[in-house]
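Here are the chains, one letter per residue:
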Amino acid sequence: MSLLITGSMAFDAIETPFGKSDKIVGGAATYIAYAAANFIKPVQLVSIVGYDFPQEEMNDLKGRGAQLDGVEIVPDKKSFFWSGKYHMDMNTRDTLVTDLNVLADFNPVVPDSFQGAEFLMLGNLVPAIQKQVIQQLKVRPKLIVLDTMNFWMEVALDDLKEVLTMIDVLLVNDSEARQLTGEFSIVKAAKKILTMGPKYLIIKKGEHGALLFHKDSVFFAPALPLEEVFDPTGAGDTFAGGFIGHLAKTKDLSFENMKTAIIVGSAMASFCVEKFGTQRLKEITREDIDARLKEFVQLVNFDIDLVG
């Protein structure tokens, strides 16, 4: 049982209304791996870092069941770096700095030892690179999940549309769903996206939960109302890691189990935002996750007597 993850391993510097971080470890693959490793081992990473990426971070990931044979270390370049500032509502942010560094030359190589992975999570990256990873796999995984963002819709739309024909589940937020389809209605946008290739679509709505679409079925999962949202960076990646981690653990790809996977993803994301970076994800235990999942169940459970 294995889960293959591709995405960035990087540094972030974040400013929110509640504080400011110096350069801290981030990147889609890092967040996805920390979340997914609570449910499934090994998690196999295909990524690229520079000489400055901390060895202790690599050791920590290995200690949690990550296999790093697919992580290229470039000795004379720096790791990808992103800096951003969040507005008061925590849903909007300004990108201050994007230094691609090693990511500019990323040519992913899937090691032989990673062949045969049953689940593939394509973290937010250049669509052409996501496609390269799929094409290197000799056996198609049972499930391919892809995360993307508005930037690729602006600069690499044709590549993105091509890779959409090769996947099973697409993860986007509501504004990206609208941008991809030109539809204002989320339901219309979802229907259009499901004709582009993915069998399932998840539309993330930040603090307002997430929607799952499949054929004519729709499921809505709320987000846990949190008193403190400290840093939303990585929440979407953490959601993706919890989602695919649960599916890989249970090996059940039914719509019903995808509903559960969305709740698991939402629970993991709710931890991520409580502290800067990956800090909170490193602290939580299985008991913490189970307790949080119970809170989600209570949030959506209700009995109703229909008025006769």
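Residues numbered from 1 in each chain as written. Predicted model: local features only at pLDDT ≥ 70, side-chain atom pairs only at ≥ 80, totals over all residues. Heavy atoms only, no water.

The next thing to look at is the pattern of salt bridges. Evaluation of the coordinates by the stated rule reveals 20 salt bridges. Where Glu274 meets Arg280, a salt bridge forms, and the shortest distance between an N and an O atom there is 2.7 Å. Ionic contacts of the salt-bridge type, sharing partners, join the residues Glu274, Lys275, Arg280, Glu283, Arg292 and Glu295 into one network. (Salt bridge = Lys/Arg side-chain N within 4 Å of Asp/Glu carboxyl O.)

What follows concerns the sheet that holds strand S14 (residues 217–221). On the basis of which strands lie adjacent, the open sheet formed by nine strands has the order S6-S5-S1-S9-S10-S11-S12-S13-S14 and mixed pairing. Two strands bound the open sheet, and with one partner strand each, they are strand S6 (66–74) and S14. Neighbour to neighbour, the strand axes of the sheet diverge by 15° on average, direction disregarded. As paired elements, strand S12 (residues 200–204) and strand S13 (residues 210–214) share five bridges and run antiparallel to each other. The partner of Tyr200 across the bridge, within S13, is His214. Across the sheet, helix H6 (residues 174–181) touches strand S11 (169–173) and S12, and the angle it forms with S11 is around 110°. (Pairing = 2+ DSSP bridges. Helix = DSSP H or I, 4+ residues; strand = E, 2+ residues; numbered from the N terminus. Axes fitted to C-alpha atoms, helices over the stretch in contact; angles between N-to-C directions. Contact = heavy atoms within 4.5 Å.)

Moving on to the pairing of strand S7 (residues 81–86). Summarising burial for S7: five of the six residues are buried, a large majority. Judged from the five bridges that link them, strand S2 (residues 10–16) and S7 form a sheet pairing that is parallel. Along S7, the bridge assignment pairs Phe11 with Phe81. Summarising the sheet, S7 and strand S8 (residues 93–99) pair through six bridges and their orientation is antiparallel. Counted as the bridge partner of Phe81 is Asp99 from S8. Linkage of S7 to S8, two consecutive antiparallel strands, is achieved through a turn of six residues, within which Met90 is found at a positive phi near 65°. (Buried < 20%, exposed > 50% of the residue type's maximum accessible area, 1.4 Å probe, protein only.)

A few words now on the environment of Thr98. With respect to the helices and strands, the residue Thr98 is situated in strand S8. The spacing of Thr98 and Asp12 is 86 residues in sequence and 9.5 Å in space, taken between C-alpha atoms. In this view, Thr98 contacts Phe80, Phe81 and Trp82; residues no more than four positions away in its chain are not counted.

Time to look at the nonpolar core. Among the nonpolar cores identified, the biggest contains 63 residues, and Leu3, Ile5, Met9, Met121, Ile202, Phe243 and Ile262 are the most heavily contacted of them. Of all the elements, helix H9 (residues 255–272) adds the most residues to this core, at 11 residues. By size, the runner-up hydrophobic cluster in this structure holds 45 residues, among which are Val110, Ala117, Leu122 and Leu170. (Core = buried A, V, L, I, M, F, W, Y, C linked by side-chain atoms within 4.5 Å.)

With that settled, consider a nonpolar patch on the surface. A surface patch of nonpolar side chains, about 430 Å² in accessible area, is lined by Phe302, Ile304 and Leu306. Looking at where Leu306 falls in the secondary structure, it is placed in the segment after helix H11 (286–300). (Patch = residues over 30% accessible without salt bridge, like charges linked within 9 Å, V, L, I, M, F, W, Y side chains within 5 Å. Areas by Shrake-Rupley, 256 points an atom, 1.4 Å probe, with all protein chains shown as cover.)

Take the packing of aromatic side chains next. Counted by the stated rule, this structure contains four aromatic pairs. Ring centres of Phe11 and Phe53 lie 5.9 Å apart, and the angle between their planes is 45°; this geometry places the pair in the tilted category. Separated by 42 residues along the polypeptide, Phe11 in strand S2 and Phe53 in the loop between strand S5 (43–50) and helix H2 (55–63) bring together distant segments of the chain. Across this residue pair, the class does not change: Phe11 and Phe53 are buried. Each ring, one from Phe230 and one from Phe276, has its centre 4.9 Å from the other, and the planes form 75°; the classification is edge-to-face. Here Phe230, found in the loop between S14 and helix H8 (235–250), pairs with Phe276, found in the loop between H9 and helix H10 (279–283); they are 46 residues apart in sequence, far enough to count as distant. (Phe/Tyr/Trp six-rings, centres within 6.5 Å; stacked < 30°, edge-to-face > 60°.)

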